[in-house]
Amino acid sequence: VQHQTAPGITCPGTATVAAGANCTATLASYTAAATATDNCTTPTKTQSPAVGATITGTQVVTLTATDAANNSGTCSFTVTVVDQTAPGITCPANATVAAAVNCTATLASYTAAATATDNCTTPTKTQSPAAGATISGTQVVTLTATDGAGNSANCSFTVTVVDQTAPGITCPAN
């Protein structure tokens, strides 16, 4: 009598894993989470891609149950790499700007002066208050870096409006 019945195997549900450097993840073992049955022997479970493989985006994982007669059954599920890491952002140094009329100044854009990095995407940089705002005295400026997954981080620095215009004086006539 030859055993010809393939084992049954049930995969775990869809899984998500946190992205690491370069927006990748290392594939874990999912064989213990699968249920495999056979009518004659206890099947051996294997996984493809193999444990330890580097994955990105959404990866289909196939689990195979093989019995002693080399009959096999498979199931598949997806593992999705998710960016959960906030970007890094470094602000420029505190700045001073010359005062104009009424001791105010127009705030410049400082987003290009900030350095922002992320493990998955190039972050978008925004500024608050926005460039073009009228400021006076000392203004705290906050720069925010937001990555493609919506994770964000911010940094702050100050812009000080400095009066550099000498006062004018009009003398009376003799």
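Source: prediction; values computed, not measured.

Considerations on the environment of Ile135
With respect to the helices, strands and loops of the structure, Ile135 is situated in strand β14 (residues 134-136). A sequence separation of 24 residues divides Ile135 from Val159, and the C-alpha atoms of the two residues are 8.8 Å apart. Discounting residues that sit within four places of it in the chain, Ile135 has contacts with Cys103, Thr104, Ala105, Leu107, Val159 and Val161.

Side note on the sheet that holds strand β16 (residues 152-162)
Here we have four strands laid out as an open sheet, ordered β10-β16-β15-β13, and mixed in their pairing. The open sheet has two free edges, formed respectively by β10 (95-98) and β13 (124-128), since each of these has just one partner strand. Averaged over all neighbouring strand pairs, the angle between strand axes comes to 30°, with direction disregarded. As judged from the nine bridges shared by strand β15 (residues 138-146) and β16, these two strands associate in the antiparallel manner.

Focus on unusual backbone geometry
The residue after Ser48, namely Pro49, is reached through a cis peptide bond having omega -5°. Residue placement: Pro49 occurs in the loop between β5 (44-48) and β6 (54-55). Omega for the bond connecting Ser128 with Pro129 falls within 30 degrees of zero, at -5°, which places this linkage in the cis form. Of note, the phi angle at Asn22 is positive, near 60°, even though the residue is not glycine. Relative to the assigned elements, Asn22 resides in the loop between β2 (15-18) and β3 (25-26). Residue classification places Asn22 among the exposed residues on the basis of a relative accessible area of 67%.

Here we look at the state of the cysteines
Under the criterion given, the structure shown has three disulfides. Sulfur-sulfur distance for the disulfide between Cys11 and Cys75 comes to 1.9 Å. A torsion of 90° about the S-S bond marks the disulfide between Cys11 and Cys75 as right-handed. Here Cys75 lies in strand β8 (residues 72-82) and Cys11 lies in the loop between β1 (8-10) and β2, a separation of 64 residues in the sequence. What makes Cys11 buried here is its relative accessible area of 16%. Between the sulfur atoms of Cys91 and its disulfide partner Cys155 the distance amounts to 2.0 Å. A torsion of 90° about the S-S bond marks the disulfide between Cys91 and Cys155 as right-handed. Highlighted residues: Cys91 in the loop between β9 (88-90) and β10 and Cys155 in strand β16, separated in sequence by 64 residues. Exposure class is identical for Cys91 and Cys155. Each is buried. Listing the disulfide partners of the protein chain by sequence rank of the bonded cysteines yields 1-3, 2-5, 4-6.

Re the sheet that holds β5
On the basis of which strands lie adjacent, the open sheet formed by four strands has the order β2-β8-β7-β5 and mixed pairing. Of all strands in the sheet, those with a lone pairing partner are β2 and β5, marking the two edges. With strand direction ignored, the average angle separating the axes of adjacent strands in the sheet is 30°. Bridge analysis of β5 against strand β7 (residues 58-66) gives five bridges, and the strand direction is antiparallel. Residue Thr46 lies in a different strand from β7, and its bridge partner there is Thr64.

About the thresholds
- Residues numbered from 1 in each chain as written.
- Predicted model: local features only at pLDDT ≥ 70, side-chain atom pairs only at ≥ 80, totals over all residues.
- Heavy atoms only, no water.
- Helix = DSSP H or I, 4+ residues; strand = E, 2+ residues; numbered from the N terminus.
- Contact = heavy atoms within 4.5 Å.
- Pairing = 2+ DSSP bridges.
- Axes fitted to C-alpha atoms, helices over the stretch in contact; angles between N-to-C directions.
- Buried < 20%, exposed > 50% of the residue type's maximum accessible area, 1.4 Å probe, protein only.
- Disulfide = S-S within 2.5 Å.

Geometry only, nothing functional implied.
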